[in-house]
Protein chains: 2
Amino acid sequence: MQTKIAVIGYGNIGKAVEQAVLAADDMQLAGIYHHNDNLDALDADVAALCTPTREVPAFAEKLLRKGISTVDSFDIHGQIFDLHKRLAPIAKEYKAVSVIAAGWDPGSDSVVRALLLALAPKGITYTNFGPGRSMGHTVAAKAIPGVKDALSMTIPLGTGIHRRMVYVELETSADFATVEKLLLQDDYFAHDETHVIPVPSIDALNNVAHGVHLTRSGVSGDTHNQRFEFDMEINNPALTGQVLVSCARAAVRMRAEQRHGAFTMIEIPPIYLLPGDEEQLIRSLV
Amino acid sequence: MQTKIAVIGYGNIGKAVEQAVLAADDMQLAGIYHHNDNLDALDADVAALCTPTREVPAFAEKLLRKGISTVDSFDIHGQIFDLHKRLAPIAKEYKAVSVIAAGWDPGSDSVVRALLLALAPKGITYTNFGPGRSMGHTVAAKAIPGVKDALSMTIPLGTGIHRRMVYVELETSADFATVEKLLLQDDYFAHDETHVIPVPSIDALNNVAHGVHLTRSGVSGDTHNQRFEFDMEINNPALTGQVLVSCARAAVRMRAEQRHGAFTMIEIPPIYLLPGDEEQLIRSLV
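Description of the structure in this document. Sequence order as written defines residue numbering, which begins from 1 separately in each chain. Here the convention is simple: chains get letters from A, ligands get numbers from 1, in the order in which they are written. Given that this is a predicted model, residues contribute local features only at a pLDDT of at least 70 and side-chain atom pairs are listed and counted only at 80 or more, while totals for whole chains, interfaces and linings are drawn from all residues. In computing side-chain values, all of the structure's heavy atoms are included and hydrogens and water are not.

Digging into the sheet that holds strand 12 (residues 223-235) of chain B
Hydrogen bonds between backbone groups are what pair the strands of a sheet, and the pairing can be parallel or antiparallel.
(1) Moving on: Strand pairing is defined by DSSP finding a minimum of two bridges between the two strands. Numbering of helices and strands runs from the N terminus; a helix is a DSSP stretch of H or I covering at least four residues, while a strand is a stretch of E covering at least two. The strand order across the open sheet built from six strands is 6(A)-11(A)-12(A)-12(B)-11(B)-6(B), with neighbouring strands paired in antiparallel fashion. Among the strands making up the open sheet, the edge pair consists of strand 6 (122-129) of chain A together with strand 6 (122-129) of chain B. Neighbour to neighbour, the strand axes of the sheet diverge by 10° on average, direction disregarded.
(2) Moving on: In this structure, strand 12 (residues 223-235) of chain A lies alongside strand 12 of chain B, joined through seven bridges in antiparallel fashion. Across the sheet, residue A:Phe230 finds its bridge partner in strand 12 of chain B, namely B:Phe230.
(3) Moving on: By definition, residues are in contact when any of their heavy atoms lie within 4.5 Å. Note on definitions: angles span 0 to 180 degrees between N-to-C directions of axes, and those axes are lines fitted to C-alpha atoms, for helices only across the stretch in contact. Packed on one face of the sheet, helix 7 (residues 236-256) of chain A meets strand 11 (209-220) and strand 12 of chain A together with strand 11 (209-220) and strand 12 of chain B and runs near 105° to strand 12 of chain A.

See below:
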């Protein structure tokens, strides 16, 4: 029996979820909805919320109240626990499951951070992002007067410190020195090493590649200098879409076990993310 | 309230478990037992089984039947699912939890392999071990006539292929050429690139350092070339002991939720491995 997944929001992430569903034998598409569509007739086991992140909480509430489990990649780190608290009682009331913050960061990186903390409880974890586009910083750069289009690249400098390479395509009438000054004063950029570079076309630089270099040096028991690294170089929306589909599988599994509520990925057994039977998975992975 | 952990077996791993318990505010030692000791009076929430791996199944059964949860780092990959099947019904009957194969491989590497499979369902994962001592190969080398002591180091060559560097301390009467020939014919060594090196003292080479370089290149949805790497360079028994203690915490948590049975680490929510409250963990890790 296949899991029916509806896709809500059809931008980069929604399209990636569609591809991941089509590639999974245990999944079928239950419809693709643009985020202004009427959802009254929606019928699915799980809805993958691929709307702008700020619209996720309202969509999740609405669908959970219809008894449809949800997965989202809500990515405002400081508000994830609040979303958890908000959705958990609704999911429980309607006997559904909501997997939240399910992307790569937050998401799979969170699982790696939790695992490394368990392996070496004392120490420091650094998550270094990029090279890759920062959505938040790109939007902030686009908001500067005189900027027609922009791209803010995050460059990892180690120990969680990042450089911002901000490419700007200017309006014809704009003065680069003024744009640069305003941008460097913006709170998004004022605290990091930031370089502003005028270019004739942002479209020519477009690339959804991203990366992570996560490190931990810590202490296991009383033994210091335990060293761990996790690296990835990935297509950003493709990975996010895949994580959402893997987490939809976990949502179905947890619901079948009557474990209703809201869950981040660190609260889910990793095996629930995978298709196939327990014996084959344990024999091949453990 | 602290979790009471008994340590069964007091070799390298048992000592590392002791250190990890002493370093954890939420844990207390409930006794240290050598593996021939009488366990009738043992009273603990969890017993950490640090005996030779082949003795783990019998100890686990015995302790589960006393209603004591167990954690072990049983490491014969091909027999882990069989141990799972054997211990699960006993753990359920006595309302206890048995966390099995809980070390770094099998163990935390298994979690990474499961996670990477969820992130890129098609592709190949290679687990490269070392440089570090292989216990199984070291024992096999020691069994060769004329060998007084031995150390077999595993050297990673990439794509899961390994070189064996076998250091041998010979009996006075032994002939190196004969020892080398017998060793290279042994099934443990016949299939890998193996170098045999005579040394005056194995003790002088002793070092519990080990490492892993795990890679996956795979496909998320229909997007190829998604690349992941997990590396560690660690003190081997210290990490194994720490993983056992973190898994003891998970065993207590799962028992409190009436989820009795046997579990490998891929069947456990990563957050259960960690002390502290849910809100603080989600806010800091996700």
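From this point, things continue past the structure.
Notes on the relation of the copies chain A and chain B
(1) Moving on: Copies overlap after least-squares fitting; the atoms used are the C-alpha atoms of residues with pLDDT of at least 70 in both. The operation relating chain A to chain B is a screw motion whose rotation component is 180°, with 0.0 Å of axial translation and a residual RMSD of 0.0 Å. Within this description, the copies of the chain are treated as partners about a two-fold rotation axis.
(2) Moving on: Most of the interface of chain A is mirrored in chain B, where 98% of its interface residues again form contacts.

Quick word on the pairing of strand 3 (residues 46-49) of chain A
All names here are of chain A.
(1) Moving on: A 1.4 Å probe rolled over the protein chains alone gives each residue an accessible area, and that area as a share of the maximum for its type sets the label: buried under 20%, exposed over 50%, partly exposed in between. A two-sided burial pattern is seen for strand 3, the buried positions comprising Val46 and Ala48 on one face and Ala47 and Leu49 on the other.
(2) Moving on: Judged from the four bridges that link them, strand 1 (residues 3-8) and strand 3 form a sheet pairing that is parallel. If you follow isoleucine 5 over to strand 3, its bridge partner there is valine 46.
(3) Moving on: When strand 3 meets strand 4 (residues 69-72), the two strands line up parallel, connected through four bridges. Each residue of the ladder has a partner; that of alanine 48, found in strand 4, is valine 71.
(4) Moving on: Handedness of a crossover is defined as follows: orient the strands so they point away from the viewer, and if the path from the first strand over the helix to the second runs clockwise, the crossover is right-handed. For the segment spanning strand 3, helix 2 (residues 56-64) and strand 4, crossover handedness is right-handed.

Some words on the interface of chain A and chain B
Accessible area lost when the parts come together is the quantity often used to give the size of an interface.
(1) Moving on: Each side of the interface is counted separately: chain A has 65 residues, and chain B has 64 residues.
(2) Moving on: When two parts are put together, the accessible area they lose, computed with a 1.4 Å probe and summed over both, is reported as buried area. Interface area for chain A against chain B, summed over the two sides, is near 5,500 Å², with a carbon-plus-sulfur share of 64%.
(3) Moving on: By definition, a salt bridge exists where a carboxyl oxygen of Asp or Glu is found within 4 Å of a side-chain nitrogen of Lys or Arg. The tally of links between chain A and chain B comes to four salt bridges.
(4) Moving on: For the salt bridge of B:Arg283 with A:Asp82, the shortest nitrogen-to-oxygen distance reads 3.2 Å.
(5) Moving on: We call two N or O atoms a polar contact when they sit within 3.5 Å, provided that within protein one can donate a hydrogen and the other can accept it, with sequence-adjacent residues counted only if both atoms are side-chain atoms. Linking chain A with chain B are 24 residue pairs in polar contact (both at pLDDT 80 or more), by the criterion used here.
(6) Moving on: A breakdown of the residues in the side of chain A that touches chain B according to their chemical character gives 36 nonpolar, 15 polar and 14 charged. Side-chain classes are defined by residue name, with Ala, Val, Leu, Ile, Met, Phe, Trp, Tyr, Cys and Pro counting as nonpolar, Asp, Glu, Lys and Arg as charged, and the others, Gly among them, as polar.

Focus on the pattern of salt bridges
(1) Moving on: The final tally for this structure, using the stated rule, is 28 salt bridges over all chains.
(2) Moving on: With a closest N to O distance of 3.6 Å, B:Glu169 and B:Lys148 form a salt bridge. You can see B:Glu169 sitting in strand 9 (residues 162-170) and its partner B:Lys148 sitting in strand 8 (residues 147-156), a full 21 residues away along the chain.
(3) Moving on: Residue classification places B:Glu169 among the buried residues on the basis of a relative accessible area of 14%.
(4) Moving on: We classify B:Lys148 as exposed; its relative accessible area is 53%.
(5) Moving on: Linked by salt bridges that have partners in common, A:Glu61, A:Arg65 and A:Arg86 make up one network.

Purely geometric numbers; function is a separate question.
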